[in-house]
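Here is what each chain is made of, one letter per residue.
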Amino acid sequence: MRRLLIALFSVIILANLALFVFRYTTIEKKLETYQGPPEVSPVVESTEHRYRIAIVLDDLGVKTPDYHLLNDIAYKLNLAVIPGLKNSKELVREMAQDPRYELLLHMPMEPLRRSGDMESGAQSLTHNYPFLITHNLSKRSVRKILDQAFDAIDGYGVVKGMNNHMGSWITSSTNMMAVIIDWAKKEHLYFLDSLTSRYSVAYEEARKQKVPAAYNEVFLDGIDSEDYIVGQLAKLIDKAKNDGQAIAIGHITRHYTLPVLIREMPKLVASDNVEFVWVSELLHFKE
C-alpha cells in the first residue's frame, strides 16, 4: 500500500512538472513574437453640422396601452399635457422625472365654428375639457382658468412651456392672446404657437411681450397612416436643412405616430445628421 501511494504521488509530481515546462515554453514563444499593444486612434469629436429638430407630442392626459411605446424612443421629446383629464397630473409627475422629456401645458382653446355649425365650438367641447378658454371670457376669467389649469397638473417648476390645443378662434384674437401671453410671462413659460390657424397672432404677440416663443412648422399626423407620417417627416427634414432647425407636432392619440417615430428617428440621426432637441433649445432661433 505504501509503495502504491509513493508511486501515485510521483506521478502527480511529474505531471505538474511537465505542465509547468509546457506553459513556460509556450509563454516564451509568445513573448518572442509580441510587438506591444495596438495603437489606438485618439477620439476626435465630430464637427459635422447637425440639423436640430424638436418633436412635440400633443394630447397627453388619458393613459392608454400605447403610452409604453414612449420607452422605445431614446431621444429628446416634448410632451404637451392637457389639464384636467383623467391622468394629466399623474403623467406630469411621472414624465418630469425622465430626463428625455420637456413638458408643456397643452391649453384647450375655443376653435372657430365649422361651416354650417349653428353652435359655438365651446358649447360642444366644454364637457370634454374642464379648462377651456372661450372667446366670451373676461380677462380676469382667462387668468383664473389658466391658474386653475396649472394647479390641476401641478406644473410649477416642471412645465417649461405652453401651446394651444385647437384654439383657432382664440389664437386669432390679439386681445385674448395678449392676456394669455402675459400669464405665460408671469409663470416664466415659453409659448409654442401650434398654428392651428393661418390667422394666428400668438407668436407675434409673444415676441411683442418679449416672451420666448416658437411656432409649429409641420403637423406630422394629420392623416393617421404610416406613409403620410413618413412623408411629413421628410418635409420636416427639408425645413431643418434649409433653416438649421425645425419644429413639428404629432399626437400621442394617433395609431401610427409612435411606431413610425420609433422606426424612423434612429435613421434620421444616422443618415440625415439630425439631432432631436427640446423646444426650449430652439427659441433663440425664432426672432
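Refer to the structure printed above.
Conventions we followed
- Residues numbered from 1 in each chain as written.
- Predicted model: local features only at pLDDT ≥ 70, side-chain atom pairs only at ≥ 80, totals over all residues.
- Heavy atoms only, no water.
- Helix = DSSP H or I, 4+ residues; strand = E, 2+ residues; numbered from the N terminus.
- Contact = heavy atoms within 4.5 Å.
- Areas by Shrake-Rupley, 256 points an atom, 1.4 Å probe, with all protein chains shown as cover.
- Polar contact = N/O pair within 3.5 Å; in protein donor to acceptor, adjacent residues only side chain to side chain.
- Buried < 20%, exposed > 50% of the residue type's maximum accessible area, 1.4 Å probe, protein only.
- Phe/Tyr/Trp six-rings, centres within 6.5 Å; stacked < 30°, edge-to-face > 60°.
- Lys NZ or Arg CZ within 6 Å of the ring centre and 35° of its normal.
- Expected span 1.5 Å × (residues − 1).
- Arc of directions from axis to C-beta.
- Salt bridge = Lys/Arg side-chain N within 4 Å of Asp/Glu carboxyl O.

Caption draft 1: Structural view of the overall build of the protein. Per the secondary structure count, the protein includes nine helices and nine strands. Contacts in the protein between residues far apart in sequence, at least 24 positions, make up 74% of those at least 6 positions apart. Carbon and sulfur atoms make up 56% of the accessible area of the protein, which totals about 16,300 Å².

Caption draft 2: Here's a closer look at the environment of Ser168. Within the element layout of this structure, Ser168 appears in helix α5 (residues 168-171). In sequence terms Ser168 and Leu112 are 56 residues apart; their C-alpha atoms lie 5.6 Å from each other. At 2.8 Å, the side chain of Ser168 forms a polar contact with the backbone nitrogen of Leu112.

Caption draft 3: Here's a closer look at the side chain of Thr134. By the secondary structure assignment, Thr134 is in the loop between α3 (121-125) and α4 (139-153). Judged by relative accessible area, which is 10%, Thr134 ranks as buried. At a separation of 2.6 Å, a polar atom in the side chain of Thr134 contacts the side chain of Asn136.

Caption draft 4: Structural detail: the environment of Leu125. On the secondary structure map, Leu125 appears in helix α3. It is 9.7 Å that separates the C-alpha atoms of Leu125 and Met109, two residues lying 16 residues apart in sequence. When sequence neighbours within four positions are dropped, the list of residues in contact with Leu125 reads Pro111, Leu132 and Met166.

Caption draft 5: Quick peek at the packing of aromatic side chains. Going through the model one piece at a time under the given rule, you end up with four aromatic pairs. Summarising the aromatic geometry, the rings of Tyr75 and Phe276 are spaced 5.6 Å apart at their centres and angled 50° between planes, so their arrangement reads as tilted. With a gap of 201 residues between them, Tyr75 in the loop between β1 (51-60) and β2 (77-81) and Phe276 in strand β9 (residues 274-276) connect regions that are remote in the sequence. Phe276 sits in the buried class, given a relative accessible area of 6%. Seen in terms of ring centroids, Phe150 and Tyr156 are 4.7 Å apart; in terms of plane orientation they differ by 70°. Their pairing is edge-to-face. For Phe150, a relative accessible area of 1% translates into the label buried. A network of ring pairs unites the aromatic residues Phe150, Tyr156 and Trp183 as a single cluster. Against the face of Trp278 rests Lys76, its NZ or CZ located 4.1 Å from the ring centre.

Caption draft 6: Spatial organisation of helix α8 (residues 226-243). Compared with an ideal rise of 1.5 Å per residue, which puts 18 residues at 26 Å, α8 spans 26 Å between its outermost C-alpha atoms and is within 8% of the ideal. Within the span of α8, buried status applies to Ile229, Gln232, Leu233, Leu236, Ile237 and Ala240. Viewed along the axis of α8, the buried residues span an arc of 150°, placing them on a single side of the element. Opposite the buried face of α8, by more than 90 degrees, sit the exposed residues Asp227 and Asn242. Of the residues flanking the end of α8, it is Gly244, one or two places downstream, whose phi is positive at about 90°.

Caption draft 7: Molecular detail of the pattern of salt bridges. Enumeration over the complete set of coordinates arrives at 11 salt bridges. Glu281 is the partner of Arg52 in a salt bridge, and the nearest nitrogen-oxygen pair spans 4.0 Å. Linking Arg52 in strand β1 with Glu281 in the segment after β9, this pair joins segments that are 229 residues apart in sequence. In this structure, Lys186 engages Asp147 in a salt bridge whose closest nitrogen and oxygen atoms are separated by 3.9 Å. Here Lys186 is found in helix α6 (residues 174-186), whereas its partner Asp147 is found in helix α4, with 39 residues between them in sequence. Taking relative accessible area as the criterion, Lys186 reaches 48% and is therefore assigned partly exposed. Salt bridges here are not isolated pairs; linked through shared partners, they connect Glu226, Arg263, Glu264 and Lys267.

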